[in-house]
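# Working through the structure, step by step
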Amino acid sequence: MENQTSDVEENKILPGTLIDSTEKIAQNLSSQRRRSVSYNQASLVELHIHLDGSFRHSTLFDLAQKKGLKLVNDMELTIENFLPYVCVKTVCTSLAEFLEKFPFFTPIVAGDVEALERVAYEFVEDQAIQGVLYTETRYSPHYLTADKLQPGEVIEAINCGLRRGMKEYDVDVRTILCCVRQNPEWSMEIVKLADQYRSAGVVAIDLAGDEHNYPIDPHIPAFKHAVELGIHRTIHAGETGSVESVRQAIELCHAERIGHGYTIVDDPLLYDYIRRNDIHIECCLTSSIQTNAIAKYIPVDSEKREKNFILNGQETKTRLHSHIRSKKEIWHPIHHFARDSLNFSLSCDDPSVSQITIEHEYEHALADLKLSPAQLAQCVFNAARSAFLTNTEKKLLVQRLVARYIPIGILQDHLHDTSI
Ligand SMILES: [Zn+2]
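Every chain is numbered on its own, with residues counted from 1 as its sequence reads. Local features in a predicted model are, by the rule used here, given only for residues with pLDDT of at least 70; side-chain atom pairs are given and counted only at 80 or more, and totals for whole chains, interfaces and linings are based on all residues.

The helix and strand inventory of the protein stands at 19 helices and ten strands. With C-beta atoms placed from the backbone, the exposure class of a residue follows from how many other C-beta atoms lie within 10 Å of its own: 20 or more, buried; 12 or fewer, exposed; in between, partly exposed. A burial count over the protein gives 46% of its 420 residues as buried. C-beta atoms are placed from the backbone for every residue, and two residues are taken to be in contact when these atoms lie within 7 Å. Long-range contacts, defined as pairs at least 24 residues apart, comprise 74% of the intrachain contacts of the protein with a sequence gap of at least 6. Helical segments are the DSSP runs of H or I of at least four residues, strand segments are the runs of E of at least two, and each set is numbered from the N terminus.

With that settled, consider helix α10 (residues 220–229). For α10, the complete set of buried residues consists of Ala 222, Phe 223 and Ala 226. The arc that holds the buried residues of α10, viewed along the axis, is 95 degrees, so those residues lie on one side. Note on α10: the residue one or two positions beyond its end, Gly 230, has a positive phi of about 75 degrees. In this context, the arc is that of the directions from the helix axis out to the C-beta atoms.

In this structure, Ala 226 sits in helix α10. C-alpha of Ala 226 to C-alpha of Lys 192: the two residues are 34 residues apart in sequence and 8.5 Å apart in space. Apart from residues lying up to four places away in sequence, Ala 226 is in contact with Val 191, Ile 205, Ile 231 and Arg 233.

At least two bridges found by DSSP between two strands are what make those strands a pair. With parallel pairing, the eight strands of this open sheet are ordered in space as β1-β2-β3-β4-β5-β6-β7-β10. Every other strand in the sheet has two partners, leaving β1 (44–50) and β10 (344–346) as the edge strands with one partner each. On average, each strand axis in the sheet is inclined to that of its neighbour by 25 degrees, with strand direction left out of account. Summarising the sheet, strand β2 (residues 132–139) and strand β3 (residues 172–180) pair through six bridges and their orientation is parallel. Fitted lines through C-alpha atoms serve as axes, helices being fitted only where they are in contact, and the angles separating the N-to-C directions of these axes extend from 0 to 180 degrees.

The next thing to look at is the nonpolar core. Judged by nonpolar contacts, the single largest core of 108 residues is most densely connected at Val 45, Leu 116, Ile 190, Ile 205 and Ala 249. Among the elements that line this core, the one with the most residues is helix α7 (residues 113–129), at nine residues. Think of a nonpolar core as buried Ala, Val, Leu, Ile, Met, Phe, Trp, Tyr and Cys residues, each tied to the set through C-beta atoms within 7 Å.

This next bit is on unusual backbone geometry. The phi dihedral of His 254 is positive, around 55 degrees, even though this residue is not glycine. Tracing the backbone shows His 254 in the loop between α11 (243–251) and β6 (257–260). On the neighbour-count criterion, His 254 (15 C-beta atoms within 10 Å) is partly exposed.

Let us now look at the packing of helix α17 (residues 373–385) against helix α18 (residues 391–405). At a closest axis distance of 9 Å, the pairing of α17 and α18 adopts a crossing angle of 160 degrees. Here α18 runs roughly antiparallel to α17, going by the angle between their axes. Crossing handedness for the pair α17 and α18: right-handed. Residue-level contacts link Ala 377, Val 380, Phe 381, Ala 384 and Arg 385 of α17 to Lys 394, Leu 397, Val 398, Leu 401 and Tyr 405 of α18. For classification, angles of less than 35 degrees are called roughly parallel, those exceeding 145 degrees roughly antiparallel, those between 65 and 115 degrees roughly perpendicular, and all remaining angles oblique. Two helices cross in a left-handed way if the nearer one is turned anticlockwise from the farther one by less than a right angle. They cross in a right-handed way if the turn is clockwise.

As a further point, take the pairing of strand β4 (residues 202–208). The buried fraction of β4 amounts to seven of the seven residues, a majority that puts the element mostly inside the structure. Pairing geometry for β3 and β4, over six bridges, is parallel. The partner of Thr 175 across the bridge, within β4, is Val 202. With strands facing away from the observer, any crossover in which the path from the first strand over the helix to the second runs clockwise is taken as right-handed. Note that the unit made of β3, helix α9 (residues 187–196) and β4 has a crossover that is right-handed. Pairing geometry for β4 and strand β5 (residues 232–237), over two bridges, is parallel. Directly across from Ile 205, in β5, lies its bridge partner Arg 233. Assessed by its sense of winding, the connection that carries the chain from β4 through α10 to β5 is right-handed.

All right, on to the packing of α7 against helix α8 (residues 151–168) then. Here α7 crosses α8 at 35 degrees, and the two axes come no closer than 7 Å. Of the two possible hands of crossing, α7 and α8 adopt the one that is right-handed. Counting all contacts with α7, which are made through Val 113, Leu 116, Glu 117, Arg 118, Val 119, Ala 120, Tyr 121, Phe 123, Val 124 and Glu 125, the residues of α8 involved are Glu 153, Val 154, Ala 157, Ile 158, Cys 160, Gly 161, Leu 162, Arg 164, Gly 165 and Met 166. A breakdown of the residues in the contact of α7 with α8 according to their chemical character gives 13 nonpolar, two polar and five charged. Under the grouping applied here, Gly and all other residues not named as nonpolar or charged are polar, the nonpolar ones being Ala, Val, Leu, Ile, Met, Phe, Trp, Tyr, Cys and Pro and the charged ones Asp, Glu, Lys and Arg.

With respect to the helices and strands, Glu 211 occurs in the loop between β4 and α10. Classification of Glu 211 by C-beta neighbours within 10 Å gives buried; the count is 25. Separated by 29 residues in the primary sequence, Glu 211 and Gln 182 place their C-alpha atoms 9.0 Å from one another. Residue contacts for Glu 211: discarding those within four places in its chain leaves Arg 181, His 236, Ala 237, Glu 239, Thr 240, Gly 241 and Ser 245.

Looking now at helix α3 (residues 57–66). An α-helical turn contains 3.6 residues, so a residue and the one three or four places further along point in the same direction. Listed in full, the buried residues belonging to α3 are His 57, Leu 60, Phe 61 and Ala 64. Projected down its long axis, α3 shows its buried positions confined to an angular sector of 95 degrees, all on one face. If you follow the buried residues of α3, they end up packed against α4 (79–82), α6 (102–109) and α15 (351–354). Once α3 finishes, Gly 68 follows within two positions and takes phi at roughly 65 degrees, a positive value.

In this section: the pairing of β1. Side-chain positions along a regular strand alternate between the two faces of the sheet. Of all seven residues that make up β1, seven are buried, and the element is covered over most of its length. Relative to β2, β1 runs parallel, the two being bridged by five bridges. By the bridge assignment, His 50 is partnered in β2 with Arg 138.

With that settled, consider the environment of Thr 291. In this structure, Thr 291 sits in the loop between α13 (285–290) and β8 (303–311). On the basis of neighbour counts, which here come to 25 C-beta atoms within 10 Å, the residue Thr 291 falls in the buried class. Spatially, the C-alpha atoms of Thr 291 and Leu 95 are 4.0 Å apart, while their sequence positions differ by 196 residues.

Here it is, written out as structure tokens:
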């Protein structure tokens with residue numbers, strides 16, 4: 001009877017916590033290494049997910065309690081009082097409201113080697129639960145030092161957690177180090193760190209931060225140096241900034257992939273250049289709505305409706321953001337990308353803040369944007385072929401995906417059919 005009670009307690013899902021603690025799953029898997037824990041075989045690829053925006057709510061709350069975190073006005077530290085500081089409300093109105101969550105929860109983990117290792121390990125576990133086969137996660141080492149660690153020590157702690165996760169779960173993870181628009185003095189060091197930790201899974205650099213108020217210019221030398229060293233480049237551009245920001249990212253900083261890039265629909269010439277050159281666009285559907293990045297494209301007669309989170313096929317009481325419904329077929333730039341077969345994919349961006357999973361993003365695209373299942377499958381393969389892996393590794397990843405998407409009998413029947 002005692003055991004039954006403790007099982008119920010262990011399985012209790014904290015309000016707002018999308019990913020439950022899976023210690024029991026991990027224990028069960030300890031003798032069966034490299035297993036997928038998703039209900040379906042792992043079959044997704046995610047390229048734009050911030051590790052420092054993917055901390056488990058339950059872990060943040062646990063660490064906050066242990067560290068004696070105080071809430072404003074001496075409010076009692078309960079999960080219900082704590083979560084509104086981490087997640088955006090169902091209706092978030094701006095990028096500023098979205099970004100103001102980070103200074104609250106980042107210090108709970110920053111500067112703490114043990115906490116960094118833990119959140120990195122849990123990130124891999126969470127990706128496995130969601131059926132992700134390959135992921136590239138990004139973070140700013142400087143934001144996670146808290147003036148107690150060196151950026152290299154942050155990278156080593158995170159790598160340690162990722163390695164432990166990858167030993168247990170069937171997920172391959174690479175990392176991208178973020179330069180920050182507001183702090184150009186860090187950018188050259190980021191390139192050096194990316195070079196130094198290349199053999200430890202760091203595959204690229206990114207430029208994140210306030211695109212609207214901080215120009216790209218002071219970061220150009222660092223990105224040029226990355227080109228010289230053969231380090232891959234992706235840049236947040238065309239999210240809340242102008243289409244010019246995307247052009248600069250490609251022309252001045254030699255970005256191979258663009259984070260968000262929605263504003264390219266405003267410039268047919270640049271749009272066509274990106275399509276012809278197969279430049280990958282990392283789209284994040286929910287965050288684009290929450291940050292108001294795509295507000296100007298939404299028709300005035302659109303409806304917003306609230307949705308609850310579905311876990312294991314059951315609707316939970318956890319409320320998600322508002323989904324947008326429109327009678328107009330094309331209202332999100334992703335529609336244009338899909339119609340014109342641009343090289344784009346779907347990712348979560350900051351799931352801790354948005355309260356989403358990658359499965360939810362695919363469901364959202366299917367149900368509310370009316371993308372077809374074939375277009376969604378293309379997203380997965382687009383991500384795989386645009387990953388910052390070697391050609392051999394990419395080929396292997398695509399092969400693994402093909403085996404998951406196409407029944408083996410059909411593959412064999414058509415392999416030798418040269419008419420296709
Ligand atoms: Zn991002």
